[in-house]
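# Structural features, examined
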Amino acid sequence: MADVFDTSDTIDTLADLVRRPSVNPMGRDVSGPEYLEGRVSDYLVHRFSVAGIPWARQPVAPSRDNVFARLEATLPNAPVLVWDAHQDTVPADGMSIEPFAPLVRDGRLYGRGACDVKGGMAAMLVALEKLRVCQRPRQATVVFSATVNEEFGFSGVKALARLWTESASGLLPADGPARALLFGQSVATGLPPSFAIVAEPTDLDVVTMHKGAVRWRMRVHGRACHSAFPERGENAIYPAGRAILALEQLASELLARHPEHPCGPPTLSIGTIHGGTGVNLVADLVVLEIDRRVVPGESPEAARSEVIQRIAEAVGSARVEHDAPFLESPGLPDADLALNDRDSGLSQRLIAAAAACGVLSKRLAARYGTNASVLASAGVRSVVFGPGSIAQAHTADEWIDLNQVYKAAEILVEMIAPS
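Residues numbered from 1 in each chain as written. Predicted model: local features only at pLDDT ≥ 70, side-chain atom pairs only at ≥ 80, totals over all residues. Heavy atoms only, no water.

## Notes on the pattern of salt bridges
As a reminder, the rule being used: The salt bridge criterion pairs a side-chain nitrogen of Lys or Arg with a carboxyl oxygen of Asp or Glu, the two atoms within 4 Å. Burial status follows relative accessibility: with a 1.4 Å probe on protein chains alone, a residue under 20% of its type maximum counts as buried, one over 50% as exposed, and anything between as partly exposed. Each helix corresponds to a stretch of at least 4 residues labelled H or I by DSSP, and each strand to a stretch of at least 2 residues labelled E; elements are numbered beginning at the N terminus.
Evaluated as defined, the whole model comprises 20 salt bridges. Notably, a salt bridge pairs Asp16 with Arg19, separated by 2.9 Å at the nearest N-O pair. Judged by its relative accessible area of 21%, Asp16 is partly exposed. On the basis of relative accessible area, Arg19 is assigned to the partly exposed category, the value being 42%. The salt bridge involving Glu253 is made with Arg310; its shortest N-O contact spans 2.7 Å. Taken as a pair, Glu253 in helix α6 (residues 237-254) and Arg310 in helix α7 (residues 300-315) lie far apart in primary sequence, 57 residues in all. Salt bridges sharing partners connect three or more residues here, namely Asp42, Arg57 and Asp65.

Here it is as structure tokens:
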């Protein structure tokens with residue numbers, strides 16, 4: 001039976017994370033004290049320094065650093081396991097609760113990011129510190145990875161993967177400390193980690209397969225003029241409307257493709273639309289953001305090309321531009337997750353650890369995407385696991401079941417240092 005945790009440590013850790021805003025701007029030209037991940041990054045560095053756990057920062061963008069920590073195995077020739085949790089949250093616009101004033105009530109903690117994914121991060125932090133003082137042998141080296149910009153562009157996890165997919169000469173100078181910490185004594189070989197657990201709200205189930213996505217902006221150009229003489233201009237809204245109708249048709253068709261897939265069918269959605277500058281002007285520009293979800297094995301490039309072709313057929317001679325994708329990720333395939341030739345798969349090891357903690361976890365497929373698909377594409381076998389329900393992620397009153405946060409920490413400890 002796994003150890004019982006001091007629940008106050010877990011609550012305090014999660015509350016500390018929630019009260020430090022780390023809102024992702026989501027591509028918007030916005031600024032303010034709630035934006036970007038720097039406050040969480042600084043908190044993590046301070047916490048690891050106090051705990052005596054080696055750490056490193058990896059700059060990804062201005063005021064956006066990945067933070068890593070490493071806890072060595074106590075057994076020889078042990079594998080390296082990455083625990084990844086993203087630092088950023090979606091915006092807090094329109095929330096019905098105070099987003100950054102964590103509130104504990106009826107066994108739940110409320111606040112932006114509590115479920116997605118600071119609850120999972122808190123479980124990993126508490127588990128890491130528990131493992132540091134645990135008397136049982138640690139059967140794997142744990143590299144904790146707190147990545148940035150998961151909600152919009154995956155740039156943080158791509159920077160992490162760069163540490164082993166690029167040769168030393170191809171890395172940025174600022175990557176050096178992070179690479180040295182990631183590889184430890186094997187830095188000369190540059191071998192990637194053996195596997196990864198990515199924190200997301202899975203209700204303590206184990207997601208072994210999920211969708212990927214390709215997202216980009218489409219720009220429809222026109223020519224502005226006074227609305228008293230609309231024939232003298234070219235209204236960008238009209239061809240944009242035709243494009244929208246074409247995308248609606250394609251979205252309907254996609255739902256009939258691979259309906260039996262465990263992750264659900266591929267999907268298409270328009271997330272935002274902006275156009276025009278005033279009712280008395282003919283609009284010269286309309287910008288749409290397009291989200292195309294792909295099932296594992298489906299090419300994001302081919303999926304995007306199909307969308308672009310449908311738009312071209314709908315708009316005729318109108319001038320349309322497609323920006324390069326700001327997110328492009330394949331799905332997570334349900335690959336062979338064996339730790340080695342003799343052991344059962346990673347998902348089964350995690351499920352067994354959950355059972356030892358009194359939790360009945362299941363293997364699942366998911367419709368959403370995570371950092372796991374990037375890690376898997378970079379050669380690291382990955383699963384998704386964490387406390388909380390995806391139904392509470394991004395909501396106006398976001399909350400997480402604190403009992404699941406406690407249990408997630410216990411399960412992670414049990415997996416590395418079985419009782």
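And the narrative resumes.
## Regarding the nonpolar core
The cut-off we apply is this: By convention a nonpolar core is built from buried Ala, Val, Leu, Ile, Met, Phe, Trp, Tyr and Cys residues, the set being connected through side-chain atoms within 4.5 Å. The contact rule is simple, with two residues in contact once any of their heavy atoms fall within 4.5 Å.
Leu44, Trp83, Phe144 and Ile197 are the most contacted members of the largest nonpolar core, which has 61 residues in total. In terms of residue count, helix α3 (residues 114-133) provides more of this core than any other element does, twelve residues in total. Other than its neighbours up to four places away in sequence, Phe144 contacts Leu44, Phe48, Val67, Phe68, Ala69, Trp83, Met121, Met124, Leu125 and Leu128. Listed in part, the 31 residues of the second largest apolar core include Phe68, Val80, Val207 and Val384.

## Observations regarding unusual backbone geometry
Of note, the bond from Asp116 into Val117 is cis; its omega dihedral lies within 30 degrees of zero at 0°. Not every positive phi belongs to a glycine, and Ser63 is a case in point at roughly 65°. One can find Ser63 in the loop between β1 (55-61) and β2 (64-71). Despite not being glycine, Phe154 shows a phi value in the positive range, around 60°. Tracing the backbone through its elements, the reader meets Phe154 in the loop between β6 (141-147) and α4 (155-165).

## A look at the side chain of Glu150
The condition that has to hold: For the purpose of counting charges, residues Lys and Arg are taken to be positive, whereas Asp and Glu are taken to be negative. His and the chain ends are not included.
Position of Glu150 relative to the elements: it lies in the loop between β6 and α4. Put simply, Glu150 is tucked away with no salt bridge, and the nearest opposite charge, on Arg215, sits 7.6 Å away. In contact with Glu150, other than residues within four places in its own chain, are Asn24, His86, Asp88, Glu200, Gly369, Thr370 and Asn371.

## Description of the sheet that holds strand β14 (residues 363-366)
Stated precisely, the cut-off is as follows: Each pair of strands is called paired provided DSSP finds at least two bridges between the two strands. For every element, the axis is a line fit to its C-alpha atoms; helices are fit only across the contacting stretch, and the angle between N-to-C directions ranges from 0 to 180 degrees.
Taken together, the eight strands give an open sheet; going across it, the order is β1-β2-β6-β3-β7-β15-β8-β14, and neighbouring strands pair in mixed fashion. Each having just a single partner strand, β1 and β14 make up the two edges of the open sheet. The mean inter-strand angle of the sheet, taken between neighbouring strand axes irrespective of direction, is 30°. The pairing of β2 with β6 spans five bridges and is classified as antiparallel. Its bridge partner lying in β6, Arg70 is registered against Val143. Sitting on the sheet, α3 touches β2, β3 (80-86), β6 and β7 (195-198), and the angle it makes with β3 is about 145°.

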